[in-house]
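# Observations on the three-dimensional arrangement
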Amino acid sequence: MAQEQKQPRRSTEDEEPVDAGPAPEGAATERKERLDDDIDSILDEIDDVLETNAEDFVKSFIQKGGQ
Amino acid sequence: MSGRIAAYRSAPYARPMSVRRVMGTETEFGITVAGSPTANPMVASSRVVNAYAASSHRARRARWDFEEETPLRDARGFEMSRQVADLSQLTDEDLGLANVILTNGARLYVDHAHPEYSTPEVTTPRDIVVWDKAGELVAYDACRFAATTPDPDITLYKNNTDNKGASYGSHENYLMRRSTPFADIVKHVTPFFVSRQVVCGAGRVGIGQDGRGHGFQLSQRADFFEVEVGLETTLKRPIINTRDEPHADPAKYRRLHVIIGDANLAEVSTYLKVGTTALVLAMVEDRFLTRDLSVRKPVQSLHEVSHDPSLGHLLELADGRTLSAVQLQWEYFHAARAYVDQRLGADADEQTLDVLARWESVLTRLERDPMECASELDWVAKLKLLEQYRQRDGLEWSNAKLALIDLQYSSLRPERSLYQRLVRAGRIERLVGDDEVTAAMHEPPTDTRAYFRGRCLDKYAEQVAAASWDSVIFDLPGHESLQRIPTLDPLRGSRAHVGDLIDASPDALSLYGALTR
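Residues numbered from 1 in each chain as written. Chains lettered and ligands numbered in written order. Predicted model: local features only at pLDDT ≥ 70, side-chain atom pairs only at ≥ 80, totals over all residues. Heavy atoms only, no water.

### As for the interface of chain B and chain A
Applicable threshold: For this analysis, residues touch if any pair of their heavy atoms sits within 4.5 Å. Computed with a 1.4 Å rolling probe, the buried area is the accessible surface lost when two parts are put together, summed over both parts. Salt bridges are identified by distance alone: a Lys or Arg side-chain nitrogen within 4 Å of an Asp or Glu carboxyl oxygen. A helix here means a DSSP run of H or I that spans at least four residues, while a strand means a run of E at least two residues long, and both kinds are numbered starting from the N terminus. Three classes are used, and their members are as follows: Ala, Val, Leu, Ile, Met, Phe, Trp, Tyr, Cys and Pro are nonpolar, Asp, Glu, Lys and Arg are charged, and the others, Gly among them, are polar.
Between chain B and chain A, the residue contacts involve 44 residues of the former and 26 residues of the latter. Contact with chain A buries area across many residues of chain B, yet Arg392, Leu404 and Arg421 of chain B alone supply 17% of it, more than any other trio. The tally of links between chain B and chain A comes to four salt bridges. Taking the shortest distance from any N to any O, the salt bridge between arginine 421 of chain B and glutamate 45 of chain A comes out at 3.5 Å. Elements with a minimum of two residues in the side of chain B that touches chain A: strand E2 (30–33), helix H9 (378–393), helix H10 (400–409) and helix H11 (418–424) of chain B. A per-element tally of the side of chain B that touches chain A places H10 of chain B first, with seven residues. Looking at the side of chain B that touches chain A residue by residue, the classes come out as 17 nonpolar, 14 polar and 13 charged.

### Focus: the confidence of the model for chain B
Which entries qualify depends on this criterion: The predictor attaches a confidence to each residue, and that confidence, scored 0 to 100, is pLDDT.
In the predicted model, chain B carries a mean pLDDT of 92, and the fraction of residues at 70 or more is 93%. pLDDT under 50 marks residues 1–15 of chain B. Its contacts with residues more than four places away, or in other chains, come to 47 contacts.

### Overview of the nonpolar core
In summary, soluble globular proteins display a tendency toward joint burial of nonpolar side chains. All names here are of chain B. The condition that has to hold: Residues enter a nonpolar core if they are buried and are Ala, Val, Leu, Ile, Met, Phe, Trp, Tyr or Cys, with the set joined through side-chain atoms within 4.5 Å. Burial classes follow relative accessibility: with a 1.4 Å probe on protein chains only, a residue under 20% of its type's maximum area counts as buried, one over 50% as exposed, and anything between as partly exposed.
With 129 residues, the main nonpolar core has Leu156, Val198, Trp359, Leu366, Leu377 and Trp379 as its most contacted residues. Here the element with the most residues in this core is helix H5 (residues 267–285); it accounts for 11 residues. Residue contacts for tryptophan 359: discarding those within four places in its chain leaves Phe192, Leu272, Thr276, Leu279, Gln329, Tyr332, Phe333 and Ala336. Core analysis: the second largest hydrophobic core is formed by 22 residues, Trp469, Val472, Ile485 and Ala508 among them.

Next up, the structure:
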């Protein structure tokens, strides 16, 4: 129960600096940066699993036709 | 003989005014062998299927029963002669290729040069998702079992093209009333299929059958469709396939064999693909669709819709209107909602309402900004990833890395699959739980004949000589000839009908005795 109450409070705390912040653009930039970080983190993760030689790998993927 | 099978009592037809219907999907997987790009794909496919069969440790392996297969019967009322048919159309010939019937009621076999998984018959779109996803796990396990090294050398891909001119299918099957004129299906379903790729396309890097054109398109399969209606599935592929092989009483039923869909990874894509199609078929059966939504030049339109991920392409309708593919989907959606309201009202089942709600929500957001559907629809999830790469690395559409991302999105190896990466990062919405998907690798659905088939294969493996969609054939002690139990009605043989009987029968002989008493 205590944990359930904690979450909304935390989100209010998160919003406070936005309200008190210098300008709305600051918040927007911050959001965008967070989004970009997010994108970068998934791309970094995917970079690690992509086959190393894209050209060769794609070229050698040859299938016979099916239905 | 079926008349004597007392326990096989008739079931009510699944509510045809909803998303409920007897249906199933088939997936042909792309296949590669590490380090040997020229490896024979039939041999590799057989290795995979045989390895899975061997892993179940059964002393006896049931054959596929081909007796009721008629792949050359045309829904328009004639039968193609075997002499003029392309060899690839003779799917009823036992070529000795690997073939296994699973305890979940599914079939895993080699079709042409690909391993193929056909789900058991189910009755809801959600169950399609469960048993279709189970098929991905079965296929991956098969690769692991086939490997002689810790790292499997064979990799399967749930996609539909090699981008060099070859395509392989993922089909849907819907049981329909025989009394529905086939011409009505062609008329109302063709525009639906031309436009539904905005919802259920899997996304593809490459334009044209050989993928030589640079760019992204909505569908893996669209460019491989060349005619409006036809019997073929491997060449001159038609938007509406006429194979009339119901695997059920042909006087009562037909099976609509849909060959135009993409293989989907995203659960919402699969769910909506099947759920919205089931609703449209219900409306066709009930003659609820009165407005003619025919599209001019449907084959060309299909390609044009696929080639425009901005979704702005306008289709010309036979009635003179011009609509985008999303707008055309809205026409079907509004008809479907009115249909469910009028026919079911407050009695509408939860899943039918859920399909309608999700369909409406997806169309609304596709119209506003397709990227809003990136956590639900395959093509949008894939395009978003590709655009992020293009942005970060400044890549042109001709860059091989983008083609690799397209390919690896569909890899069935968990550590290589980009789809799985997105799921694990919480960027793709799931509809079903891992536990139920894992269970569905072995357990059949309970509400169709797949239950009878699956349970028999599980409990009486030693005595099942062969099986198919519409039969289980026993080799029984004391009987000289094999005993065939027909399962021609897909809704008989459910747990409600035969569950107690199977539970109470310690061996196949006692089950057979109870069934034929």
